[in-house]
Amino acid sequence: MIIVTSGHVDHGKTALLQALTGSNTAHLPEEKKRGMTIDLGYAYLPVQDRILGFIDVPGHEKFLANMLAGLGGIHYAMLIVAADEGIQAQTEEHLAILHLLQVEQIMVVLTKSDRANSQQIDDLIQKIKQDHAFLAHSRFFITSAKTSDGIEELRDYLLTLPNIADQNKPFRYAIDRIFTVKGAGTVVTGTAFSGKVKIDDELYLSNGEKVRIKNIHAQNSQNNEGIAGQRLALNINTDLDRTLIERGDWLFSQAPLEPTDRITVEITAENLLTESQPVHVYHAATRTTGKLTLLTQKSLAPSQQAIAELMLDKPLFLAYGDKLILRSADAKQLVAGIKVLEINSPKRHKRTEQRLAYLAQLQQAKTAAERISLYLQEKAVEARQIAWIEQLQEVQLNEIIQQNGEVQFQEWCFNADYQQQKIFEILTALAEYHGQHADQLGLGKARLYRMAALNQPEKLIYHFIDELVEKGKLQQTRGWLHLPEHKIQFSTEERGLWQLVLAEFEKQNGQAIWVRDMANTLGYEENLMRNFMYKAGKLGFLTAVVKDRFFLTENIYGYARLIKQLADNNGAITVNQLRDELQFGRKLAVQLMEYFDRCGYLRRKGNVHILRDKDVFEQ
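Keep in mind it's a predicted model, so treat the numbers as computed, not measured.

A.B. asks: Help me understand the overall build of the chain, please; the structure alone is not making it clear to me.
C.D. replies: Broken down by element type, the chain carries 19 helices and 33 strands. The principal-axis extents of the C-alpha atoms in the chain amount to approximately 125 × 55 × 40 Å. A total of 619 residues make up the chain; the buried ones form 53% of that total. When contacts within the chain are restricted to residue pairs at least 6 apart in sequence, those whose partners lie at least 24 apart make up 65%. A total accessible area of about 29,000 Å² is found for the chain, and carbon and sulfur atoms account for 44% of it. Across the chain, the 71 positively charged side chains and the 76 negatively charged ones have centroids separated by 4 Å.

Right under this line is the structure:
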C-alpha cells in the first residue's frame, strides 16, 4: 500500500519519512544539495507481513508536475504542515489537489512541533478545520522528527489502514521511470492502479506490444507477485529498445483500446471557469494540454460541479472513474478536478436534451451494472470496449450481462429492446421491398443488412436474420430472403405451360430468352407470356437480367459459382472474361454482369467487378 505525503517546501516531509522508515527519500544529488524534493522520492516501512510505501512528492511550485504524477492510484495521503509556519501557498494547492482527486482519507500531520507551543498548535488545528470543512473529521497527528514525538503513534495508525485498491480488476500500471540494469535488462517503475501481476505474466504496453515479466520488486522487496496499490519495479522482457518506452506509458493485462482524445467528465471547479478554455491536463505520470468546454452552463464558480467535455491534444488511456487534474493555460493555477464519465464522446449533438439526460443518468449510476445498462440503450457495444471502460475481467462482465438480463453474441453485447427494434426494421424493410418489387423473390442477406441496419454490427444483424429464419418469421428460397406470406404458385394450367417453357430453355444450353421470342415459339399472346414468365420469376424458376430477358434460375446459380471461382483466383472478374468463359455475346455478358451487380453479388470497381456478398447464391 502507498501513502502520499504532500505539503509546502521545507515543512519537513522528507525528515518525517526518515523518522518513520529510516530512509532518506532525497535520492537525487540536486535534491540533497538544495535540501528540497524535486522528483518523486520513495521510502518503505516493513512491519511483520506488511510493507507500507510512502511517496514524498515535491512541494515547490516549479515541481508540481512531478507531484501530480505521484498521486495516480493513491487512496491515502498525509498533508504535512509545519507547526511553526502553518498553512502556506503550496500547502493550499496540494490540499486542493488531494480533495479534487477524492483521496479516500487525508491525514493532517503537524511537523516541527518542537518549534511551537501547545496553544499555537491548537489554534492551527482549529484554523485548518475552519478553513477546510472536508478536514473536520480527519485524523490530526502532532510530530517532531527531531524529538521523535508522535512518530510512533502515527506509525501505528498507518499500519491499521487497509489496502482498498481493487485487486480483482485487470492489471493496470502507470510507468514513471525506465532504466537498464546490467544483467537484467529493462526495468520500469510505477504504481499499480488495479489488479495483480506475477512473474512470467504477459502484459500489453500502451503501444500494443507484449512484454513478459521476468522479475518483480514490490514495495522495494523481491516478490513473485505485485498487487494494486503497491509501488512496483518490473523487470520486463521486450524486443523494444528501452528508449521507446516513456514516462507516462502503461502496462495492462488486457489489450488496450485506442487512447481517447475526447472525453465527457464530471468537473469540480477550484477557480472560476468560463464556458470554454485551454487547460493543462495531468493523469498519473502523463501530462498534456487540451480544451475544456462546459456542457450545461456558461460558467462555474469554485466548488461547483458540472458536466463538461475535454478535448485532448494528446490521446490518453482512460477508463470510467479516472481522476485528472486541470491547471490553467499557463500551468500556474489549479483550475479543477475531473472524473471521467465517458471516453470517446460523440463529436456532434452534445447538448441535446436526450444527450444531457443520458449523461445525468450516467453521473448518478452507482455501479458498473447500472452503467452497462445505460451503455446498451438503443445500441450494441463490443464486449472488449465495455470491459475496458469499466476495467472488468471477462468473467465479471459476463456475470453483469447475465444479471442485467442482457445478451452477448460473439463480441457484441445488447439488450432485448435493441434486438426487437432491429428485428422490426429488418421485417419492415423486407415488406417494403416486396411491395415495390413484386416480381422479385427476395433479397440477399448483405443487401437486406444495408437496407435495414446499415452502420450496425454486420455479424450481429446477420445473427438476427438467421434467428428469424430459424423461427419461421423469414424464409429463404434459393438464397433469397423473403417474408413467409410472400409466395406464389402455378395453377394446373400454368404447370403445363411451365413444362413447355422449361423445354425451350433446355434447348438453349444456358442462353437467355426474350419474352417475345418465347411467345412466338409457343404460339402465345406476348402479354400473356410476359405475365407468366414474370410469375415464374417470382417463384424462383426464372430470373430476368433485364426487362423481358430471362435465364433459368439454376443457370444463374451456376454462373454465380463460376464467377466466384474466377474472382477468387484473380481477385476480380471482367465482362470479357465472363463472355469468353460462357461463349456469350458481349451484350448478354454485360447484362448478366450488371444483374449480379444490382443484386449485390458483385460490385463494379473501374473496369472490373469484385465479389461483394459471396453467400447470395449459396443456397
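A.B. asks: How should the environment of threonine 191 be read in this particular structure?
C.D. replies: Examined against the element boundaries, threonine 191 turns out to sit in strand 8 (residues 185-194). Residues threonine 191 and glutamate 494, spaced 303 residues apart in sequence, show a C-alpha to C-alpha distance of 81 Å.

A.B. asks: How do you make sense of the sheet that holds strand 21 (residues 305-316) when you look at a structure like this?
C.D. replies: Hydrogen bonds along the backbone pair up the strands of a sheet, which may run parallel or antiparallel. Strand order in this closed barrel of six strands is 16-21-19-18-22-23, and the pairing throughout is antiparallel. Each adjacent strand pair in this sheet contributes to an overall mean axis angle of 40 degrees, direction not counted. Sheet analysis places strand 19 (residues 286-294) next to strand 21, joined by five bridges and oriented antiparallel. Counterpart to threonine 293 in the pairing with strand 21 is glutamate 309.

A.B. asks: In this structure, what is going on with unusual backbone geometry? I would like to understand it.
C.D. replies: Most peptide bonds take the trans form, and the phi angle of most residues other than glycine is negative. The backbone of serine 148 sits at a positive phi, close to 75 degrees, despite the residue not being glycine. One non-glycine residue, glutamate 378, adopts positive backbone phi at about 65 degrees. Relative to the assigned elements, glutamate 378 resides in the loop between helix 8 (368-375) and strand 24 (381-382).

A.B. asks: Where do I start with the packing of helix 11 (residues 416-436) against helix 13 (residues 458-470) in this structure?
C.D. replies: Running from N to C, helix 11 and helix 13 cross one another at 70 degrees; their axes reach a closest spacing of 10 Å. When the interaxial angle is binned, helix 11 and helix 13 end up roughly perpendicular. On helix 13, the residues touching Tyr418, Gln419, Lys422, Ile423, Ile426 and Leu427 of helix 11 are Leu460, Ile461, Phe464, Ile465, Glu467 and Leu468. Here the contact of helix 11 with helix 13 is built from residues that sort into nine nonpolar, one polar and two charged.

A.B. asks: Help me understand the packing of aromatic side chains, please; the structure alone is not making it clear to me.
C.D. replies: The description of an aromatic ring pair uses the distance of the two centres, along with the angle that the planes make with each other. Across all of its chains, the model carries 24 aromatic pairs by this definition. Relative to phenylalanine 584, the ring of phenylalanine 551 has its centre 6.0 Å away and its plane inclined at 25 degrees; by these criteria the two rings are stacked. In this pair, phenylalanine 551 is assigned in strand 31 (residues 549-552) and phenylalanine 584 in the loop between helix 18 (575-582) and helix 19 (586-598), connecting sequence segments 33 residues apart. Each member of the aromatic cluster is reached from another via a ring pair, and the members are Trp480, Tyr557, Tyr595, Phe596, Tyr601 and Phe617. Stacked on the ring of tyrosine 157, the Lys or Arg arginine 139 has its end atom at 4.5 Å from the ring centre. The ring of tyrosine 462 carries lysine 445 above its face, with NZ or CZ at 5.2 Å from the centroid.

A.B. asks: Can you walk me through a nonpolar patch on the surface in this structure?
C.D. replies: On the surface, Leu500, Tyr524 and Leu528 cluster together into a nonpolar patch covering about 260 Å² of accessible area. Inspection of the secondary structure assignment puts leucine 500 in helix 14 (residues 492-507).

A.B. asks: I would appreciate a short explanation of the pairing of strand 32 (residues 602-605) in the present structure.
C.D. replies: Remember that side chains alternate between the two faces of the sheet whenever the strand is regular. Sheet topology places strand 32 next to strand 33 (residues 608-611); four bridges connect them, and they run antiparallel. Across the sheet, the residue bridging to arginine 603 is isoleucine 610, located in strand 33. Between strand 32 and strand 33, which follow one another and run antiparallel, lie two residues, and glycine 606 among them has a positive phi close to 70 degrees.

A.B. asks: So what exactly am I meant to see when it comes to helix 8 here?
C.D. replies: Every α-helical turn comprises 3.6 residues, leaving residues that sit three or four positions apart pointing alike. With respect to burial, helix 8 is a largely interior element, six of its eight residues being buried. Contacts from the buried residues of helix 8 go to helix 7 (353-364), strand 24, helix 9 (383-390) and helix 10 (394-404).

A.B. asks: Looking at this structure, how should I read the sheet that holds strand 30 (residues 542-546)?
C.D. replies: Taking strand neighbours across the sheet as the criterion, the three strands line up as 29-31-30 in an open arrangement whose pairing is antiparallel. Here the strands that pair on one side only, and so sit at the sheet edges, are strand 29 (513-514) and strand 30. With two bridges joining them, strand 29 and strand 31 adopt antiparallel strand pairing. Residue pairing across strands places tryptophan 514 opposite arginine 549, the latter belonging to strand 31.

A.B. asks: Before we go on, may I ask you to explain the pattern of salt bridges in this structure?
C.D. replies: Side chains carrying opposite charge are able to pair once their charged atoms draw close together. Inspection of the entire model under this criterion finds 21 salt bridges. Between glutamate 342 and arginine 355 there is a salt bridge, with its nearest N and O atoms 2.5 Å apart. Of the two residues, glutamate 342 sits in strand 23 (residues 334-343) while arginine 355 sits in helix 7, which places them 13 residues apart along the sequence. Of the charged contacts in the structure, one is a salt bridge between glutamate 425 and lysine 422, with a shortest N-O distance of 3.0 Å. Here glutamate 425 pairs with lysine 422, and both are found in helix 11, just three residues apart, close to one helical turn. Assessed through its relative accessible area of 23%, glutamate 425 is described here as partly exposed. Judged by relative accessible area, lysine 422 falls into the buried class, the value being 10%. Taken together, the shared-partner salt bridges connect Arg516, Glu526, Arg530 and Asp548 into one network.

Definitions and cut-offs
Each chain carries its own residue numbering, running from 1 in the direction its sequence is written. Owing to the predicted nature of the model, reporting of local features is limited to residues with pLDDT of at least 70; listing and counting of side-chain atom pairs is limited to 80 or more, with chain, interface and lining totals taken over all residues. Side-chain metrics in this entry use all non-hydrogen atoms of the structure; hydrogen atoms and water are not considered. Every helix listed is a DSSP run of H or I at least four residues long, and every strand listed is a run of E at least two residues long, numbered separately from the N terminus. Three exposure classes are used, based on accessible area relative to the maximum for each residue type with a 1.4 Å probe and protein chains only: buried under 20%, partly exposed in between, and exposed over 50%. In what follows, a contact means two residues having at least one pair of non-hydrogen atoms within 4.5 Å. Only the protein chains shown count as cover for residues, with accessible areas throughout obtained via the Shrake-Rupley method and a probe of 1.4 Å. Note on charges: Lys and Arg go in the positive column, Asp and Glu in the negative column, and His and the chain ends are not counted at all. Charge positions come from single atoms, namely NZ of Lys, CZ of Arg, CG of Asp or CD of Glu. Two strands pair if DSSP finds at least two bridges between them. For helices, the fitted axis covers only the stretch in contact; all axes are lines through C-alpha atoms, and the angles between them, taken along N-to-C directions, range from 0 to 180 degrees. Put simply, angles under 35 degrees are roughly parallel, angles over 145 are roughly antiparallel, angles from 65 to 115 are roughly perpendicular, and the rest are oblique. Amino acids are sorted into nonpolar (Ala, Val, Leu, Ile, Met, Phe, Trp, Tyr, Cys and Pro), charged (Asp, Glu, Lys and Arg) and polar (every other residue, Gly among them). Centres within 6.5 Å are what make two rings of Phe, Tyr or Trp a pair, Trp counting through its six-membered ring; a difference in plane orientation under 30 degrees is then read as stacked, over 60 as edge-to-face, and the rest as tilted. Definition used: whenever NZ (Lys) or CZ (Arg) falls within 6 Å of the ring centre and also within 35 degrees of the ring normal, the charge is taken to sit over that ring. Candidate patch residues must exceed 30% relative accessible area and have no salt bridge, after which like charges are joined if within 9 Å and Val, Leu, Ile, Met, Phe, Trp or Tyr side chains if within 5 Å. The term salt bridge refers to a pairing of a side-chain nitrogen on Lys or Arg with a carboxyl oxygen on Asp or Glu at a separation within 4 Å.

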